[in-house]
Structure formats: C-alpha cells, structure tokens
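# Architecture at a glance
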Amino acid sequence: MASMKQLAIIGSTASGKSALALDLAERCNAYILSIDSLSIYRDIDIASAKPSVQELLLTKHFGIDRLNPDENASVVTFIDEYKRACEHSLSDGKNLIIVGGSSFYLKSMIEGLSNIPEYSQETIVKTQEIMTDLIAAHQMLCTVDPQIMEKITSGDTYRIEKMMLLYLETGMAPSTWFKEHPPLPIITDCPILNLKIDREVLRQKIALRTDLMIRSGLIDEVASLERLYGRVPNSMKAIGIVETLAYLDGKITKTELQELISTHTAQLAKRQQTFNAHQFSLTASAEADILRPMALTLLKQS
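Residues numbered from 1 in each chain as written. Predicted model: local features only at pLDDT ≥ 70, side-chain atom pairs only at ≥ 80, totals over all residues. Heavy atoms only, no water.

## Observations concerning the overall build of the protein
Applicable threshold: Strands are runs of DSSP state E lasting at least 2 residues, helices are runs of H or I lasting at least 4, and numbering of each runs from the N terminus. Computation of the radius of gyration draws on C-alpha atoms, with the globule rule given as 2.2 Å multiplied by the number of residues to the power 0.38. Any residue under 20% of the maximum accessible area for its type is buried, any over 50% is exposed, and the rest in between are partly exposed; the area is computed with a 1.4 Å probe on protein chains only. Computed with a 1.4 Å probe, the accessible areas rest on the Shrake-Rupley method; for each residue, only the protein chains presented here act as cover. Counted as positive: Lys and Arg. Counted as negative: Asp and Glu. His and the chain ends are not counted at all. Here the site of a charge means NZ on Lys, CZ on Arg, CG on Asp, or CD on Glu.
Scanning the protein from terminus to terminus reveals 14 helices and six strands. Against the compact-globule benchmark of 19 Å for 302 residues, the protein has a radius of gyration of 21 Å, which places it among compact chains. Structurally, the protein occupies a C-alpha span of about 55 × 55 × 30 Å along its principal axes. Looking at the protein as a whole, 44% of its 302 residues qualify as buried. Accessible area for the protein stands at about 15,900 Å²; split by element, carbon and sulfur atoms hold 51% of it. Separation of charge centres in the protein, based on 31 positive and 37 negative side chains, amounts to 5 Å.

Structure follows, in structure tokens:
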C-alpha cells in the first residue's frame, strides 16, 4: 500500500483556503478533508459556502454532505471522516489535504480524546432525570468535581450532561477519569499552514461573498431548511441562517440582512484568526503566494 503525506490549511472564513486546497490537490495528487461545521450538512449549500458541484467533481472530498441538518456534528464526526479519508487516500495512492475554518476540531484531533466508556441505558435514563433541573445538576457536579466544573457554567447543558453521564457510569470524578485515561492523538505528523490575508482585503471578500450568497438564493435555501428541519437544530443557529430567519420574520430589511451577515462573519473571522495564532504549533503563517510553494514541497517530498 502506498504511503500518504498530509498537511492542514487553516485560516479565517473567506480567506481563500478552499481555493488553495483545490489547487494543491490537483497538483499534488491529493484528496481533501473539509473540517467545517456547516459543510458537513446536506442541504446547507449556500449558507455554508461549500465548494461547488464542479469543484467537488475535480477532487474527491470528505467531510461534506455527511449529516442531515437536524443531526449534530461533533469531534467524533470529524474523527470518523478523517479515518475514512485516510483509508481511501492510502488505498488510492493519494495524499491528504485537511482544510476548514472550524479548526477547533483539528486541534481536538491533534491533541486527542480520552477514551469514553459506553453508557448503559440505566445511566442514560438517570442522567435525563437529573438534567431536568439544570442548576441542581451543575451544583451536584461542582461538589463531585470542583476542578473540572470551574470551566463549565450552569447554563452549559451539553457539557454538564457529558460530565454527568461519565460520573454516573464510572462512579469517578470526570477529572480523575481523564487523568487515568489520557488522550491519544488522532492526527500526527501533519504540518499546519495558516493562511493569512490582509484585513481590508478580507473585509471586502466577506462583503462580496455575502452579496453573492444572497443573489444565489440564500433566502430560499433558509426558508426550505426551516420547512424541513425547523429552527431547533444547532445548524440553524449558524451565521447566515440566523440573520435570514430574522429577515423572513420581517424583523430586518434585505439591506440589513446583508450588513448583519457581513458584520457577524467579520467578527467570526477575527475570532478564528486569534484562535489559530494561539492554539497551534504552526509550520508557517503567511499569504497564499508564500504558502503554495511550501505546501507543494511538503506534499511532494519523498
């Protein structure tokens, strides 16, 4: 079986990661794994700014159109996609390019996850009963494990439930469990390239992309998503979708819709840039013209 080289391209939304990844994939015999919190969903095409049908035909992609919008993506979802991408890449003699704005998932796979036990039906039912009083559940865990609960607020339903499941199943404080079951990295030997872009250029690209999304049918797409899946799923709370729902409710004008999506996207980009700069051991952080030859070298090294 052939060997596989891999690298990751991270960067803020609208910075040009996908275009760079596609170019590199064609020139370096590679498949692409998308790590994006919206592109993983079917039917969310315009709001996610996922690659076009033509682009998806050029290079095999993983991590796209894998879940329905009423399902929840998690780190485990992307771990499964990474393993699937590696299996196909190795089998087909391809390299692998990991790309996407949701770099939290990449960080989690590099650092690894602790082994979590299977939960019994009894544990699941008992947890559901306790979770009917979220404040009491939070206080209970604070008593059991003040160390881990320092970082979990009383309104964080998802994390409180996860810690409660673990505690009830194992009888151990979650921090003790994690200490005895240290995380094992999922991704190793993967250079990470951070795509930088001038702030003003990024602002203009976000504005242009937002305008294109609206002209391409964003409003109709969100209306269809709402009819099919309602507003409860996490995917329906994403930037571009929330603002469009407000427009459909008559709360904002079409001009305000465009302005809000652009503003919120720019704010997201700033958070992504900060996260990427501080959370990764980067191989390089530069503009595309500098990263491209570096990436070509990394993927073509023998």
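## Description of the packing of aromatic side chains
To keep things clear, this is the line we draw: The pairing test for Phe, Tyr and Trp rings, Trp by its six-membered ring, is centres within 6.5 Å, and the orientation test on the planes gives stacked under 30 degrees, edge-to-face over 60, and tilted for anything in between.
The tally for this structure, following the rule as stated, stands at four aromatic pairs. By way of ring pairs, the aromatic residues Phe 78, Phe 104 and Tyr 105 are connected into one cluster.

## Thoughts on the packing of helix α3 (residues 75–92) against helix α4 (residues 103–111)
The criterion, for reference: Structural elements are reduced to axes, namely lines fitted to C-alpha atoms, with helices fitted over the stretch in contact, and the angle between N-to-C directions of any two is expressed from 0 to 180 degrees. Here is the rule for angles: anything less than 35 degrees is roughly parallel, anything more than 145 is roughly antiparallel, 65 through 115 is roughly perpendicular, and the remaining ranges are oblique. Contacts between residues were defined by any pair of non-hydrogen atoms, one from each residue, lying within 4.5 Å. Ten residue types, Ala, Val, Leu, Ile, Met, Phe, Trp, Tyr, Cys and Pro, are classed as nonpolar, four, Asp, Glu, Lys and Arg, as charged, and the remainder, Gly among them, as polar.
Two numbers describe how α3 lies on α4: the axes approach to 10 Å, and their chain directions differ by 70°. Relative to α4, the element α3 is oriented roughly perpendicular. Of α4, the residues touching α3 (which contributes Val 75, Phe 78, Ile 79 and Tyr 82) are Phe 104, Tyr 105, Ser 108 and Met 109. In terms of residue class, the contact of α3 with α4 is made up of seven nonpolar, one polar and no charged.

## Side note on the pattern of salt bridges
Rules: Think of a salt bridge as a Lys or Arg side-chain nitrogen and an Asp or Glu carboxyl oxygen that are within 4 Å of each other.
This structure, assessed with the given rule, holds 13 salt bridges. When the shortest N-O distance is used, the salt bridge between Arg 27 and Asp 23 registers 3.2 Å. In this pair, Arg 27 and Asp 23 are both assigned in helix α1 (residues 17–27), four residues apart and thus about one turn of the helix distant. On the accessibility criterion, Asp 23 (24% relative accessible area) is partly exposed. Linked by salt bridges that have partners in common, Asp 23, Arg 27, Asp 289 and Arg 292 make up one network.

## Details of the environment of Leu 24
Relative to the assigned elements, Leu 24 resides in helix α1. For the pair Leu 24 and Leu 248, spaced 224 residues apart in sequence, the C-alpha to C-alpha distance is 40 Å. When near neighbours in sequence (up to four residues on either side) are disregarded, Leu 24 contacts Ile 9, Ile 97, Arg 292, Ala 295 and Leu 296.

## Some thoughts on the sheet that holds strand β6 (residues 284–286)
The condition that has to hold: Two strands pair under a simple rule: DSSP has to find at least two bridges between them.
The six strands are arranged β3-β2-β4-β1-β5-β6 in an open sheet whose pairing can be described as parallel. Pairing within the sheet leaves two strands with one partner each, and these edge strands are β3 (61–62) and β6. Here strand β1 (residues 6–11) runs beside strand β4 (residues 95–99); their pairing, made up of four bridges, is parallel. Across the sheet, the residue bridging to Gln 6 is Leu 96, located in β4. Strand contacts of helix α14 (residues 288–300): β1, β4, β5 (192–195) and β6, with the helix running at about 165° to β5, the strand carrying the most contacts.

## Considerations on the side chain of Thr 210
For Thr 210, the position within the fold is in helix α10 (residues 199–215). Apart from residues no more than four positions distant in its own chain, Thr 210 is found in contact with Gln 258, Ile 261 and Ser 262.

## Some details on the nonpolar core
Just so we agree on the cut-off: Side-chain atoms within 4.5 Å link the members of a nonpolar core, which is a set of buried Ala, Val, Leu, Ile, Met, Phe, Trp, Tyr and Cys residues.
One finds Ile 98 and Ile 241 to be the most contacted residues of the largest nonpolar core, which totals 43 residues. Looking at this core, the element that brings in the most residues is α3, giving six residues. Once residues lying within four places of it in the same chain are set aside, the contact partners of Ile 98 are Gln 6, Leu 7, Ala 8, Ile 9, Leu 33, Ile 35, Tyr 82, Leu 106, Ile 187 and Cys 190. Counting 20 residues, the second largest nonpolar core, distinct from the first, contains Ile 9, Leu 195, Leu 291 and Leu 299.

## Digging into helix α6 (residues 134–144)
The condition that has to hold: By construction, the arc corresponds to the directions joining the helix axis to the C-beta atoms.
Considered for burial, the residues of α6 that qualify are Ala 137, His 138 and Leu 141. For α6, the angular spread of the buried residues around the axis is 100°, confining them to a single face. Away from its buried face, by an angle of more than 90 degrees, α6 presents the exposed residues Gln 139 and Thr 143. As for α6, its buried residues are in contact with α5 (121–130), α7 (146–149) and α8 (157–170).

## Examining the state of the cysteines
Our working definition: Any pair of cysteine sulfurs within 2.5 Å is marked as a disulfide.
All chains considered together, the criterion is met by zero disulfides. Of all cysteine sulfurs, the one in Cys 190 lies closest to Cys 28, which takes part in no disulfide; the gap is 14 Å.

## So, the side chain of Thr 244
With respect to the secondary-structure elements, Thr 244 resides in helix α12 (residues 241–248). Beyond its immediate sequence surroundings of up to four residues, Thr 244 is in contact with Leu 218, Ile 219, Val 222, Leu 257 and Ile 261.

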